[in-house]
Amino acid sequence: MEWVAAVLNGVLMTVVALRTLNFYQLNGYRLSGSKSLKKQALSEVCFGTLHVALCYFVYVISSVRGYVYGGWFYMLFCVLGAVSYYFGHRKKQARTPLKITKRCLRLIAAHTLISVAFSVALAAAGRTLNTGGVSLTFAFLPLCYLLSPLVFALSAAAVYPVEQAVARIYTEGCEKALDAKTDLVRIGVTGSYGKTGVKNILATFLSEKFKVYATPESYNTPMGICIAVNRMPADTQIFVAEMGAKRKGDISRLCDIVKPVVAVVTGIAAQHLATFGSIQNVIDTKAELPSYVAKAGGKSYFNTDNDYCKLMYRDAKGEKYRVGFGGECYAKEISVSGEGSEFTLC
């Protein structure tokens, strides 16, 4: 009974940690730099404290009616507690739901194994340290929930080498595939907003004359772009890559993979400040794309209807163009109807 309860306890710890995993995923699989992740960790500790307090009664039941009764009561309480905690927090969903990727599944597996190991160790300790012949297992097991942040950190650390190896394999394969296409024109699209829309519109325009392939949906991370490149048709002439970022250096990393010769900056806004720290860091990070393109002898296009992009355009090196009213590239004869938008591109 005690060992079954310990295993169940470990599995339910992972259920409780799913929301933490959601914020960890949104934070780029990094433990630092996210206020939401810290708040979630504190929430789990508070849940653990309440769990310990209530499970004291399980120990009382065990001492009065025996550990079998205590075991069934503890498992029932664990299930009800974990389920109510998980569904109770669904009303406070993160901006983007948890995506069940292979990386996510590896972390869930690692977390479950470590949680079960912690639970079994505490169960063994409780079985050894008993009072009056009564096992302390059901008094010790709830302590696992107080250690939830530590268990999650250990799980992340355990899979980190594996994830680095997987990322290296994908990245190297992606770079080789792109390098083999010597005539491929590579366009990078970045900005705080409008990346996906601009990417799709640009791909639609260019496809009238060329074989164009764009990263699907919002595949704008290193792994996302690598997966997209693996699906690229062999006859592609132009590759349009959406580039996302949450920290300084993220765009540079994507540029090293894609090696763009054309840069498009859609606009800058106060997005992801929890990880960027300031709007200036956002500007500096997005500027990594035109900076890379300038060194490659390419061309950069800026939405100068956006004030921050105007500043970026002013400081940019190499061949550069303004897009918008008063720029070198603009739209006129604009009309909007129920059937869509029409304009003349100049």
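The shown structure was predicted, so the numbers you read here are calculated from the model rather than taken from an experiment. What you see as residue numbers is a count from 1 along each chain, following the sequence as written. Local features in a predicted model are, by the rule used here, given only for residues with pLDDT of at least 70; side-chain atom pairs are given and counted only at 80 or more, and totals for whole chains, interfaces and linings are based on all residues. Hydrogens and water are ignored here; the side-chain numbers use all heavy atoms of the structure.

1. What about unusual backbone geometry?
Unlike most non-glycine residues, K259 shows phi in positive territory, near 55°. For K259, the position within the fold is in the loop between helix 10 (250-258) and strand 4 (262-265). Non-glycine residue E333 carries a positive phi angle of around 55°. Secondary structure follows DSSP: runs of H or I at least 4 residues long count as helices, runs of E at least 2 residues long count as strands, and numbering of each begins at the N terminus.

2. Some words on the packing of aromatic side chains
Under the pairing criterion, centres of Phe, Tyr and Trp rings, with the six-membered ring standing for Trp, must be within 6.5 Å; the plane angle then separates stacked pairs below 30 degrees from edge-to-face pairs above 60, leaving the rest tilted. If you walk through the whole model with that rule in mind, you get six aromatic pairs. On the numbers, 5.2 Å between centres and 85° between planes, the contact of Y24 with F152 is edge-to-face. Note that Y24 is positioned in helix 1 (residues 2-26) and F152 in helix 7 (residues 148-179), a separation of 128 residues in sequence. Each member of the pair, Y24 as well as F152, is classed as buried. Ring geometry for F302 against Y313: centres 5.8 Å apart, planes inclined by 75°, an arrangement best described as edge-to-face. Here F302 is found in strand 5 (residues 299-303), whereas its partner Y313 is found in helix 14 (residues 307-315), with eleven residues between them in sequence. Only protein chains enter the accessibility calculation, which uses a 1.4 Å probe; a residue is then buried when its area is under 20% of its type maximum, exposed when over 50%, and partly exposed in between.

3. Topic: the sheet that holds strand 3 (residues 238-242)
Across the sheet, six strands lie side by side as 2-3-1-4-5-6; this open sheet has parallel pairing. Each edge of the open sheet is held by one strand with a lone partner, namely strand 2 (212-214) and strand 6 (319-323). Strand-to-strand twist of the sheet, defined as the mean angle between neighbouring strand axes without regard to direction, takes the value 15°. Each pair of strands is called paired provided DSSP finds at least two bridges between the two strands. Note that strand 4 and strand 5 share four bridges and pair parallel. Fitted lines through C-alpha atoms give the axes, limited to the stretch in contact for helices. The angle between two N-to-C directions lies from 0 to 180 degrees.

4. Structural notes on a nonpolar patch on the surface
On the surface, I201, F205, F325, I334, V336, F343 and L345 cluster together to form a nonpolar patch covering roughly 770 Å² of accessible area. At the level of elements, helix 8 (195-206), strand 7 (331-337) and strand 8 (340-345) are the ones that each hand at least two residues to the nonpolar patch. Patches in this entry comprise residues that are over 30% relatively accessible and not in a salt bridge; like charges within 9 Å are linked, as are nonpolar side chains (Val, Leu, Ile, Met, Phe, Trp, Tyr) within 5 Å. Values of accessible area rely on a 1.4 Å probe in the Shrake-Rupley scheme; residue burial ignores everything except the protein chains shown. The term salt bridge refers to a side-chain nitrogen of Lys or Arg lying within 4 Å of a carboxyl oxygen of Asp or Glu.

5. Quick notes on helix 14
Restricting attention to buried positions, one finds in helix 14 the residues C309, M312 and Y313. Down the axis of helix 14, the buried set is contained in an arc of 100°. They therefore lie on one face. Exposed residues lying more than 90 degrees from the buried face of helix 14 are D307 and R314. N or O atoms closer than or at 3.5 Å make up a polar contact, with two conditions inside protein: a donor-capable atom paired with an acceptor-capable one, and, for residues adjacent in sequence, both atoms drawn from side chains. Measuring from the backbone nitrogen of Y308 back to the side-chain oxygen at the start of helix 14 gives 3.1 Å, which picks out N306 as the cap. The arc in question is traced by the directions running from the helix axis to the C-beta atoms.

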